[in-house]
Amino acid sequence: TVVLGGAAAASAALVSDGTVQAMDIAALVLALVGGLTMWHFFTTGVVRRLRALEGDATRIEGAAPVVDPAGRDEIGRLAARLEEAAGQVRRHIAERDRAREELTDILTDSPVVALRYDVAARRFSYASPNIERLLGITAETAMTDTAAVVERFHPDDEQQLRVALVEGRGGPGDRLSIMLRVRRDPSADEWFEVEAAYLVERDGGGVPRTVSSYLVDVSERHAAQRSAEERRSMLESIFHASPDTIVVRDAAARVVLTSAALADLVDVPPPVAPDRLIEEAYRYGRLRRQDVAALDEMLRRVRAGEPDLPPVVTTGRAGQGGDSYRTFETRARPILDHGGRVIGTVTVSRDITERMKLERSLRRATVAAERASEAKSQFLSRMSHELRTPLNAILGFAQLLQLEDLPADQASSVDQIERAGHHLLSLINEVLDIARIEAGQLTVSPASVRVGDVLGEVTALLAPVAESAAVTMLVDRDGTWDEWVRADRQRLLQVLLNLGSNAVKYNEAGGTVSFRTTAVAGGRMRFSVQDTGPGIPLEQQDLLFLPFSRLGAERSGVEGTGVGLALSKQLVELMGGAIGVESAAGYGSTFWVELQTGAPAPVGEEVLPVAPEAERPVAPGRVAIAAGAPGDDDEDAGDRSSLVVLQVEDDASNAALVSLVLARRPEVRLLSADDARVGLELARRHRPHLLLLDLHLPDLPGDQMLYRVKATPELADTEVVVLSADATPDRIRRMLDLGAEGYLTKPVDVEALLELVDDLLQRRAASPG
C-alpha cells in the first residue's frame, strides 16, 4: 500500500511539471514493476501462512499435530499458541478415553445395571455394558429395541411399574424402589428377582422427561435369606420341641433364650421373660446348695472358654406344687464368634429320672441274674453229683460182676444193667450239656482243624457199630479232604459222631451211610451224613432239633435219648456254623453241618487241637493224671511194690465199690474216711501215696481239703486224684488249678481206676532206692 501511494504522487508531479524525461519515465516504470513484484511476493507469503493456520485449526479439531510455521512475527506466535492448544486437546482426549474405558470396565464388572429411558423419544438412551449379564441382551440392542428390554420383565411387574411411574410420587425428582421378576430368555418361564431403583426427572410442568433405573440381581441373596429363614425356623422348632431344657446366655450371663420345656417344667404360664423362668426354676426347684454351686461353677468355667466339662447331675422339684422330684443331667458349652471369643453359653438339661430308675432296675436285675446264674451253676453241679452218684454204684458193681465168671443168664442180666446204666448216663450228660449252654457256661475253642483228620476219626469210631448193624459206611475222599475248617475239634467230633450213630441206628440192614464234604458259598465247608433209612416226613422235620423229641422212635426199640440233635444244634451254632436236614419219607435222610473254612495250622502248632480243660467235656470214668515222683515210704507203706491209697468218700456204696475194685490189687493198702476231718488225720498219720478225694463231703468242701493237703509239708508227695460225680468243666479246671494231679468222674470206669493204680505201682517199683 505504501509503494502504490508513492508511485501515484510521482506521476502527478511529472504531469504537473509537464516535463517527462525518458530517464525519469524509465525509472518510474522500473519502480512500478519492482513495487508490483514486491507486493505479489508479500501477499503470496501471507496467504500461504494464513492457509497453513487454517489447516492447523482443522487438525486441532481432529486432535492431530499441527505444522510449526516459520517466523517469529504475530502469525508465528499465533501458530505456536495453536500448537500448544492442540497438545492440550490431545491430552484431554486421551484422558477422556482412559476415563471412558475405566468407566466401561467398572460398569461391566458392576452388579448394578444402569438404564436411562427417554420418555419423549420412547426409547432407552443409555444402557450399561453389563446389561447382557442380567437380561441376556447387549447394550446396543437395549438402546435400539425397547421391546427387547420390556419382554424380559414379568407382565404383572411391568404393569405395576408403569402404574407407579405414571402416578408419580412426590413431584420432581421422584424416587421409586421396587422388586421385579425378570428372565434372560423371553421364551423361557424361569424368572429371577431383581431389586430396582428408579429416578424420574420431570420438566417444569411435572411431565416425566427421563427415567433412570438401576437393577441388581438379588435372587441368590433372597434365596440365601429364605434358606436362612427356613433353617432358623427349623432350628427354633427343634429348639422348642426338644424335651430337654435349653438355656442360652450372653457373655454377661444374662438369659436371652429358653426352650419351651423350661416353661413346662416350672409350670409358669406364658408370656414370661427368660430370666424370670430361671428364677422360678431355682426358686421352686428346691435345689440343694451344693447343686446350685456346682451349676454356677460349671457356668463360670464355660464362660472362661472350657469346652468339655463333665455334666452336673441335680435333683429338684418339678412344677410349683406337689412333691414330684426329677433328676437332671446338665451340660454346658461356650458359644464362640468367628475369632474364637466367647460370646455366650448354652446349657442343656436332660431329664434322666427314668434312666436312673432303669439303671437301678438293671443293676438289681444284673445282681439277680448273677445270683440266678450262680444258683444255676450250683444246681448243675449238684445235679451232676446227685445223678452220677447212684449210677456210680450201678455201673461200678456191674463192671465188677462182668469181671467174674458168671453163668450165661446172670452175665446177660449184668450186661443189661450195664447197658441201661450207660444209656442213662448219656442222657444225663447231654441234658447237663444243654443246661450249661443255656446258662452260658459251655464255650468252644475254635482252631484250625483238618477235614480229613476229623472224618477219619469219626469213621474209625463208628466202624464197629456199623459192622454190628450190617450197615456199609462210605467216605467220599475228594479234594476237600485236605481242607481246613475253624472249629472246636472235640465238639465237632461229638456232633459228627452223633449224626453218624443216628444214621447207623435208624438205617436198615444192608443199608449205607455216606460221609461227604463239599465247599459251599460264603467260604464254608459242608459235612454231610447221608443214610438209606426210612426218611423223615416234611411235617416232622421242624421237631427234629427239639429236646426229647424222637418222632415216634421210642416205640421202635432203638435206643436214644432225644436230646442228641438238640445238643448238636447248639454246639454247631456256638462254633459259628449251621446245621440242617434234607429228607423225605421213603428216601432216606441227609444231615449236614456247615462251618467256616480256615487256614492251615501254622508250623509247630498242634494240628488236632483240643479244648482247654475248663471247656473240654470229660468222658465218664476217664481220668487226667500227671506223672510225679513217688513219695517216701512210711512205716505203713511196706516194700516199694506196695501202694497206700486213702479214700475220702461219704457215700457208703461208692466207698464199697472202690474197696472191691482195689481188692483186685493185693499190693494196695486201702484206707477209708467218710469226712474230711478223719481223712486229714489219716493222711498225716499214714502219708498215703494216692488220695482219692470226693468233693461233696459233710464237714468240709473237697477243694478246702485239697488245699490243706497241699499245704501240709509231710503230704507234699501225696498224689491227689479227685473222684467226684461233679463233671462240670469249671469244677474240673478249678481242682486242677488247685494242685490235683487228676480228675476221675463218676460213674467210675473200673478199668481206668485199675490202670491208674497199676501205673503208680509200676512207677514205685521202677523208682531207684
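Since this is a predicted model, take the numbers as computed values, not measurements. (Residues numbered from 1 in each chain as written. Predicted model: local features only at pLDDT ≥ 70, side-chain atom pairs only at ≥ 80, totals over all residues. Heavy atoms only, no water.)

(A) Fine view of the pattern of salt bridges. One pass over the full model with this rule turns up 31 salt bridges. One salt bridge connects Arg-763 with Asp-759, and the closest N-O pair in it is separated by 3.1 Å. Of this pair, Arg-763 and Asp-759 are both found in helix α21 (residues 750-766), four residues apart, which corresponds to roughly one turn of the helix. Three or more residues joined by partner-sharing salt bridges are found here, namely Glu-329, Arg-331, Arg-355 and Glu-359. (Salt bridge = Lys/Arg side-chain N within 4 Å of Asp/Glu carboxyl O. Helix = DSSP H or I, 4+ residues; strand = E, 2+ residues; numbered from the N terminus.)

(B) Molecular detail of the sheet that holds strand β2 (residues 123-127). On the basis of which strands lie adjacent, the open sheet formed by five strands has the order β2-β1-β5-β4-β3 and antiparallel pairing. Edge positions in the sheet fall to β2 and β3 (174-182), since each has one partner strand and no second. For this sheet, the mean inter-axis angle between neighbouring strands, taken without regard to orientation, is 25°. Across four bridges, strand β1 (residues 112-118) lies against β2 in antiparallel orientation. Directly across from Tyr-117, in β2, lies its bridge partner Phe-124. Along the sheet, helix α8 (residues 219-241) makes contact with β3, β4 (192-202) and β5 (208-217), crossing β4 at roughly 125°. (Pairing = 2+ DSSP bridges. Axes fitted to C-alpha atoms, helices over the stretch in contact; angles between N-to-C directions. Contact = heavy atoms within 4.5 Å.)

(C) Up close: the packing of helix α15 (residues 489-505) against helix α16 (residues 564-574). Where α15 meets α16, the axes come as close as 10 Å, and the angle between the chain directions of the two elements is 145°. Judged by the sense of rotation from one axis to the other, the crossing of α15 with α16 is left-handed. Two secondary-structure elements touch here, α15 through Arg-491, Gln-494, Val-495, Asn-498, Leu-499 and Asn-502 and α16 through Gly-564, Leu-565, Leu-567, Ser-568, Leu-571 and Val-572. (Left-handed = near helix turned anticlockwise from the far one by under 90°.)

(D) Quick peek at the environment of Glu-193. With respect to the secondary-structure elements, Glu-193 resides in strand β4. On the accessibility criterion, Glu-193 (27% relative accessible area) is partly exposed. Beyond its immediate chain neighbours, meaning those up to four positions away, Glu-193 contacts Met-179, Leu-180, Val-216, Asp-217, Val-218, Ser-219, His-222 and Arg-226. Among the polar contacts listed, one links the side chain of Glu-193 to the side chain of His-222, at a separation of 2.8 Å. (Buried < 20%, exposed > 50% of the residue type's maximum accessible area, 1.4 Å probe, protein only. Polar contact = N/O pair within 3.5 Å; in protein donor to acceptor, adjacent residues only side chain to side chain.)

(E) Fine view of the packing of aromatic side chains. As enumerated under the stated definition, the model contains one aromatic pair in all. Between Tyr-117 and Phe-124 the ring centres are 5.1 Å apart and the planes differ by 65°, which places this aromatic pair in the edge-to-face class. Overall, Phe-124 belongs to the buried group, its relative accessible area being 10%. Taking the ring centre of Trp-592 as reference, the NZ or CZ of Arg-526 above it sits at 4.1 Å. (Phe/Tyr/Trp six-rings, centres within 6.5 Å; stacked < 30°, edge-to-face > 60°. Lys NZ or Arg CZ within 6 Å of the ring centre and 35° of its normal.)

(F) Geometry of the confidence of the model for the protein chain. Taken as a whole, the protein chain shows an average pLDDT of 77; of its residues, 73% reach a score of 70 or greater. A low-confidence stretch, residues 552-557 (pLDDT under 50), is modelled with two contacts involving residues beyond four sequence positions or located in other chains. (pLDDT = per-residue confidence, 0-100.)

(G) Seen up close, the sheet that holds strand β6 (residues 245-250). Pairing is antiparallel in the open sheet, where five strands are placed in the order β7-β6-β10-β9-β8. The open sheet is flanked by β7 (255-258) and β8 (312-317), the only strands paired with a single partner. Sheet twist, expressed as the average angle between the axes of neighbouring strands with direction ignored, equals 25°. Note: β6 against β7, three bridges, orientation antiparallel.

(H) Inspection of the nonpolar core at higher detail. Counting 37 residues, the largest nonpolar core has Val-485, Leu-492, Phe-527, Phe-591, Val-593 and Leu-595 as its most contacted members. For this core, the elements supplying multiple residues, two or more each, are α14 (451-468), β13 (484-487), α15, β14 (512-520), β15 (524-531), α16, β16 (578-583) and β17 (589-596). Those residues in contact with Phe-591, other than ones at most four positions away along the chain, are Leu-499, Phe-527, Ser-528, Val-529, Ile-536, Leu-544, Phe-545, Leu-565, Gly-580 and Val-581. In this structure, Val-113, Ala-142, Ala-148 and Ala-164 belong to the second largest nonpolar core, which totals 26 residues. (Core = buried A, V, L, I, M, F, W, Y, C linked by side-chain atoms within 4.5 Å.)

(I) Inspection of a negative patch on the surface at higher detail. A cluster of like negative charges, contributed by Glu-101, Glu-102, Asp-105 and Asp-109, occupies part of the molecular surface. By the element assignment, Asp-109 lies in helix α3 (residues 74-109). On the basis of relative accessible area, Asp-109 is assigned to the exposed category, the value being 63%. (Patch = residues over 30% accessible without salt bridge, like charges linked within 9 Å, V, L, I, M, F, W, Y side chains within 5 Å. Areas by Shrake-Rupley, 256 points an atom, 1.4 Å probe, with all protein chains shown as cover. Lys, Arg positive; Asp, Glu negative; His and termini not counted. Charge placed at Lys NZ, Arg CZ, Asp CG, Glu CD.)

(J) The pairing of β6, seen in detail. Most of β6 sits inside the fold, with six of its six residues counted as buried. Burial along β6 is two-sided: Thr-245, Val-247 and Arg-249 and Ile-246, Val-248 and Asp-250, pointing in opposite directions, are all buried. Where β6 lies against strand β10 (residues 342-351), six bridges are found, and the strand directions are antiparallel. In the strand pairing of β10, Arg-249 is matched with Thr-345.

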